[in-house]
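# A look at the structure
Next come the chains, spelled out residue by residue.
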There are 2 protein chains.
Amino acid sequence: MKKIINNPENVVNEMLDGIVKAHPEYVKRLEGFNVLVRADKHDKKKVALVSGGGSGHEPSHGGFVGEGMLDAAVAGEVFTSPTPDQVFEAIKAVDNGEGVLLIIKNYTGDVMNFQMAGELAEAEGIKVESVIVNDDVAVENSTWTTGRRGIAGTIFVHKIAGAAAEKGMNLSEVKRIAEKVISNVRSMGMSLTPCTVPAAGKPGFELAEDEMEVGLGIHGEPGTHREKIKPASEIVKDLLDKIFNDIDLKENDEVAVMINGLGGTPLMELYIVNNEVEKLMREKGLMIYRTIVGNYMTSLEMAGFSISVLKLDDELKELLDYKADTPAFKKL
Amino acid sequence: MKKIINNPENVVNEMLDGIVKAHPEYVKRLEGFNVLVRADKHDKKKVALVSGGGSGHEPSHGGFVGEGMLDAAVAGEVFTSPTPDQVFEAIKAVDNGEGVLLIIKNYTGDVMNFQMAGELAEAEGIKVESVIVNDDVAVENSTWTTGRRGIAGTIFVHKIAGAAAEKGMNLSEVKRIAEKVISNVRSMGMSLTPCTVPAAGKPGFELAEDEMEVGLGIHGEPGTHREKIKPASEIVKDLLDKIFNDIDLKENDEVAVMINGLGGTPLMELYIVNNEVEKLMREKGLMIYRTIVGNYMTSLEMAGFSISVLKLDDELKELLDYKADTPAFKKL
């Protein structure tokens, strides 16, 4: 295992400290917990957004804590759901009376633990709502999930629901917005290489030198199939076909696109992918309103990418363009 | 070779198109050239900043074109200096009478070709100055360089000289600022894996499963030595010792720090590195004023990182914090 770490058992703790030391103006750690909360001074009464999940997907989710996105991010061990007590602490820390929206990626453990934490908080009189992101069109059900998995489309939920909360919408409105994003976003990914969970010490799967895995999940869960590596143009066409099959998009519809790197993919390749995505979108008559390219929902050092497509309307466009200021996403 | 590309001979061209399609509000391409220039409307008379070099270091340098940083970035083939005619076109495109500063990383080809372009521009009556970034303390001279190499410290030059230009300083002042950054910044890196230039099809060097290369350059040039992988804390100590040996820093000095990923390193590891960097800085009595963590000066898919340390004064602090709005670096 080639990693720049100290003790494999302590990576999450050291990483969280490293994040706080890098961005003290944005985030602080809840003492004794693997929870990052906003450090910037703001006394605004607003709906608070809490997300999180297993670690290893950085900058998700701690990198999105800040103005206009999340109020807290809860970090589990690598590829492992955070426990309910950690999520409960996050909820208590950020609620200011307007209620808390939990943004949960659809994995069995995350759903169970976040919802249990929500119930604990409600028992203490905190208003809690939750939404479950399930944007991955690759496969229904898997070892980790019932239904579709939640992957990089989650960032659009953070951004847009975060703007809604920042603008002062109430809890039911923020939840409505988050659910609209979820119903309008679809994603699919592929990888060239596996990744290694530090505590495991060896890759989660193996791929031959000329093979790629199509449709895999962000924990290395199996995808739809394996095949020989193809040119970027053909890979993109396969992924977009699958996405287009799952969401109703017609000519002149406006969309936002995210080309998300899985951690080990050079930006050069992500931009080459984007070049192909734009061509196919244009052929289909879709209008690209915004494009985001970079590492946003990663799988440690995995080489690969995902494409997310979000169907927009005027309300979503305005919220997508609203100011955000976080370590990993800034919109001026 | 596992890469998400089409034709290995066409990666730079497709990448540049992909960048423009992703960020049309920031950059456009000079038709017929591998040059990205600012696309945002601005009629400000200001010194223009031009940088660039071989491709494969993304987001350097095209990702830094925008308000408060570069006015143009010239992209050579992968790990290959851009030709003088390309740089010359960039200079002509962005000069608005206040003159142009060329920010050149210290590689023989870059220095020669940028300076030749500068002379062509001066012959047409454009005021041109240049600075040469040589922040890498690892080795003096190499196959590619006379003197020290220019690596991630270059981003600090883009940011700070870019702010000086945006504030309306004249060419000699912007050059003075850039030279102050260069004399105050030192960097050093290490890698766990090599990278593969697409047109070459195989890795530039080999490393055993338990080995790392210390002090290597961003084109995979040899470093100071190879050794067995060590814990992050020891790696960081070795790199910082070398940096501290090369720059005069005393207790209570303020510094900016960049933990730069080389392309294939998970953000988790960069933050663990940052955690160690902060500890050693604190032990030495240094005050960390700003920290930047992420992929800024990469080597394709290489796994590894570099540390850059910039000694600050009041003038540099103000310019470092000045507004910047580019695809890869935003400061609100």
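Everything in this summary refers to the structure shown in the same document. It should be emphasised that the depicted structure is a prediction, and the values quoted were computed from it without experimental measurement.

## Some remarks on the overall build of chain A
Each helix and strand counted, chain A has eight helices and 14 strands in total. The globule rule puts the C-alpha radius of gyration for 332 residues at 20 Å, and the 19 Å found for chain A is close to it. For the C-alpha atoms alone, the extent of chain A along its principal axes is close to 55 × 50 × 35 Å. Across the 332 residues of chain A, 63% fall into the buried class. Of the roughly 11400 Å² of accessible surface on chain A, a fraction of 48% belongs to carbon and sulfur atoms. Charge centroids of chain A, computed over 37 positive and 52 negative side chains, lie 3 Å from each other.

## So, the packing of aromatic side chains
Residue and element names in this part refer to chain B. Applying the stated rule across the entire model yields four aromatic pairs over all chains. Look at F64 and Y296: their rings are 6.3 Å apart centre to centre, the planes differ by 20°, and that puts the pair in the stacked class. Residue F64 is found in the loop between strand 3 (48-55) and strand 4 (72-78), and its partner Y296 is found in the loop between strand 11 (287-294) and strand 12 (304-311); the two are separated by 232 residues along the sequence. When sorted by exposure, F64 lands in the same class as Y296, which is buried.

## Re the interface of chain A and chain B
Tallying the contact residues gives 62 residues for chain A and 62 residues for chain B. Between chain A and chain B, the buried area comes to about 4900 Å², and carbon and sulfur atoms account for 63% of it. Contact with chain B buries area across many residues of chain A, yet A:K2, A:I4 and A:M268 alone supply 20% of it, more than any other trio. On inspection of chain A and its partner chain B, the count reaches four salt bridges. Between the two partners, chain A and chain B, sit 24 residue pairs in polar contact (both at pLDDT 80 or more).

Quick notes on the rules
Residues numbered from 1 in each chain as written. Chains lettered and ligands numbered in written order. Predicted model: local features only at pLDDT ≥ 70, side-chain atom pairs only at ≥ 80, totals over all residues. Heavy atoms only, no water. Helix = DSSP H or I, 4+ residues; strand = E, 2+ residues; numbered from the N terminus. Rg over C-alpha atoms; globule rule 2.2 N^0.38 Å. Buried < 20%, exposed > 50% of the residue type's maximum accessible area, 1.4 Å probe, protein only. Areas by Shrake-Rupley, 256 points an atom, 1.4 Å probe, with all protein chains shown as cover. Lys, Arg positive; Asp, Glu negative; His and termini not counted. Charge placed at Lys NZ, Arg CZ, Asp CG, Glu CD. Phe/Tyr/Trp six-rings, centres within 6.5 Å; stacked < 30°, edge-to-face > 60°. Contact = heavy atoms within 4.5 Å. Buried area = accessible area lost by both parts, 1.4 Å probe. Salt bridge = Lys/Arg side-chain N within 4 Å of Asp/Glu carboxyl O. Polar contact = N/O pair within 3.5 Å; in protein donor to acceptor, adjacent residues only side chain to side chain.

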